[in-house]
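Listed below, chain by chain, are the residues.
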Amino acid sequence: MKARRAQSTARPATAEPPPPPASEPGGDDPVLDESSDLTPVVATNLKRFRAERGLSLERLAKASGVSRAMLGQIELGQSTPTINVLWKIARALGVPFSALMSQASSPVTTVMQSSHARILRSRNGDFSSRALFPMDRPRNVEFYELRLAPRSVEHADAHAPGTSENLVVTEGSVEITVAGERRVLETGDAILFEADSPHSYRNLGSSEAVMYLVMTYGSRS
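How each quantity is defined
- Residues numbered from 1 in each chain as written.
- Predicted model: local features only at pLDDT ≥ 70, side-chain atom pairs only at ≥ 80, totals over all residues.
- Heavy atoms only, no water.
- Core = buried A, V, L, I, M, F, W, Y, C linked by side-chain atoms within 4.5 Å.
- Buried < 20%, exposed > 50% of the residue type's maximum accessible area, 1.4 Å probe, protein only.
- Helix = DSSP H or I, 4+ residues; strand = E, 2+ residues; numbered from the N terminus.
- Contact = heavy atoms within 4.5 Å.
- Axes fitted to C-alpha atoms, helices over the stretch in contact; angles between N-to-C directions.
- Parallel < 35°, antiparallel > 145°, perpendicular 65-115°, else oblique.
- Left-handed = near helix turned anticlockwise from the far one by under 90°.
- Nonpolar A, V, L, I, M, F, W, Y, C, P; charged D, E, K, R; others polar.
- Pairing = 2+ DSSP bridges.
- Phe/Tyr/Trp six-rings, centres within 6.5 Å; stacked < 30°, edge-to-face > 60°.
- Expected span 1.5 Å × (residues − 1).
- Salt bridge = Lys/Arg side-chain N within 4 Å of Asp/Glu carboxyl O.

A. Region of the structure containing the nonpolar core. In terms of nonpolar packing, the biggest core is built from 48 residues, with I89, L93, F97, L167, I176 and Y201 touching the most fellow members. Top contributing element to this core by residue count: helix α4 (residues 83-93), with 7 residues. For F97, the contacting residues outside a window of four places in its chain are I83, L86, W87, A90, L120, E142, Y144 and Y217.

Next comes the structure, spelled out in structure tokens:
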């Protein structure tokens with residue numbers, strides 16, 4: 001499905017971009033972020049969701065494309081998955097991305113201090129995602145701060161059907177590619193697109209790019 005332009009400032013790229021760095025941010029290698037306590041939370045939620053669905057590690061590995069060994073390490077609290085691995089698991093389980101990182105609580109007002117932020121990083125550390133919403137329960141709308149290192153690219157697998165991304169660039173120049181269609185966004189530009197196709201974010205500049213993303217999931221039966 002083609003990306004939709006959210007505003008006229010999103011401009012088509014005029015030249016073929018350079019090849020992406022020789023990295024595989026979507027690989028199965030875990031990335032630990034010592035500033036967060038995601039490891040035990042993800043372990044507990046993965047074990048619970050898998051048990052509720054009656055899935056063995058082998059069946060979940062086949063459905064998600066994540067190795068049985070890696071799933072076992074995550075469930076034991078020995079590894080925190082990369083962003084793309086967590087997406088693969090969530091999609092295979094049929095739950096929102098945030099459900100794997102949620103802790104049960106329901107305060108009326110929540111302050112999310114940056115010093116206690118839960119940050120997921122790509123394997124090479126060039127891309128990071130910080131949740132800007134309480135992870136107390138699965139949600140249909142999620143809000144993230146994304147940071148991308150200079151001249152780097154982050155590839156994302158297709159999300160569940162009906163998922164959309166509404167993104168604004170607050171620092172830098174970023175090329176968004178959805179199903180082969182490229183759009184260049186400068187600082188202040190925004191874009192809305194259907195995220196059920198493979199897509200990528202490429203930092204075209206020499207300084208870190210900062211983006212804010214609203215992820216909206218389609219209705220679930």
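Moving on from the model shown.
B. Looking closely at the packing of helix α2 (residues 57-64) against helix α3 (residues 68-75). Running from amino to carboxyl end, α2 crosses α3 at an angle of 115°, the nearest separation of the two axes being 9 Å. In this view, α2 runs roughly perpendicular relative to α3, as classed from their interaxial angle. Of the two possible hands of crossing, α2 and α3 adopt the one that is right-handed. Taken together, the residues of α3 that come into contact with α2 (itself represented by L57, E58, L60, A61 and S64) are R68, L71, G72 and E75. Residue composition of the contact of α2 with α3, by class: 4 nonpolar, 2 polar and 3 charged.

C. View of the sheet that holds strand β10 (residues 209-216). Taking strand neighbours across the sheet as the criterion, the 6 strands line up as β1-β2-β3-β10-β5-β8 in an open arrangement whose pairing is antiparallel. With partners counted over all chains shown, the strands left at the sheet margins are β1 (119-121) and β8 (190-194), one partner each. Here the strands of the sheet are splayed against their neighbours by 25° on average, with no regard to which way each runs. As defined by bridge partners, strand β5 (residues 164-171) adjoins β8 across 5 bridges and the pair is classed as antiparallel. Counterpart to L167 in the pairing with β8 is I191. Packed onto the sheet, α4 meets β1, β2 (127-131) and β10 and runs at close to 105° relative to β1.

D. Local environment of the packing of aromatic side chains. Overall, the coordinates contain 6 aromatic pairs when judged by the stated rule. Summarising the aromatic geometry, the rings of F133 and Y144 are spaced 5.3 Å apart at their centres and angled 90° between planes, so their arrangement reads as edge-to-face. Here F133 is found in the loop between β2 and β3 (141-148), whereas its partner Y144 is found in strand β3, with 11 residues between them in sequence. The residues F133 and Y144 share a single accessibility class, namely buried.

E. Quick peek at the packing of helix α1 (residues 38-52) against α4. At a minimum axis distance of 11 Å, the contact between α1 and α4 shows a crossing angle of 25°. Judged by the angle between their axes, α1 and α4 are roughly parallel. Crossing geometry of α1 relative to α4 is assigned as left-handed. Side by side, α1 and α4 meet where V42, L46, F49 and R50 of the first sit next to L86, I89 and L93 of the second. Across the contact of α1 with α4, the residue classes break down as 6 nonpolar, no polar and 1 charged.

F. View of α1. With 15 residues, α1 should cover 21 Å at 1.5 Å per step; its first-to-last C-alpha distance of 21 Å lies within 8% of that length. Among all positions in α1, only L38, T39, V41, V42, A43, N45, L46, F49 and R50 are buried. Contacts made by the buried residues of α1 are with α2, α3, α4 and β1. Looking one or two residues beyond α1, the residue adopting positive phi is G54, at roughly 65°.

G. Representation of the pattern of salt bridges in the model. One pass over the full model with this rule turns up 10 salt bridges. Between E52 and R48 there is a salt bridge, and its shortest N-O distance comes to 3.6 Å. Of this pair, E52 and R48 both sit in helix α1, separated by 4 residues, roughly a single helical turn. Classification of R48 as partly exposed rests on a relative accessible area of 39%. With its nearest N and O atoms 2.7 Å apart, the salt bridge here joins E58 to R68. Here the residue E58 occupies a position in helix α2, and R68 occupies one in helix α3, the gap between them amounting to 10 residues. Classification of E58 as partly exposed rests on a relative accessible area of 44%.

All we've got here are geometric facts, nothing functional implied.
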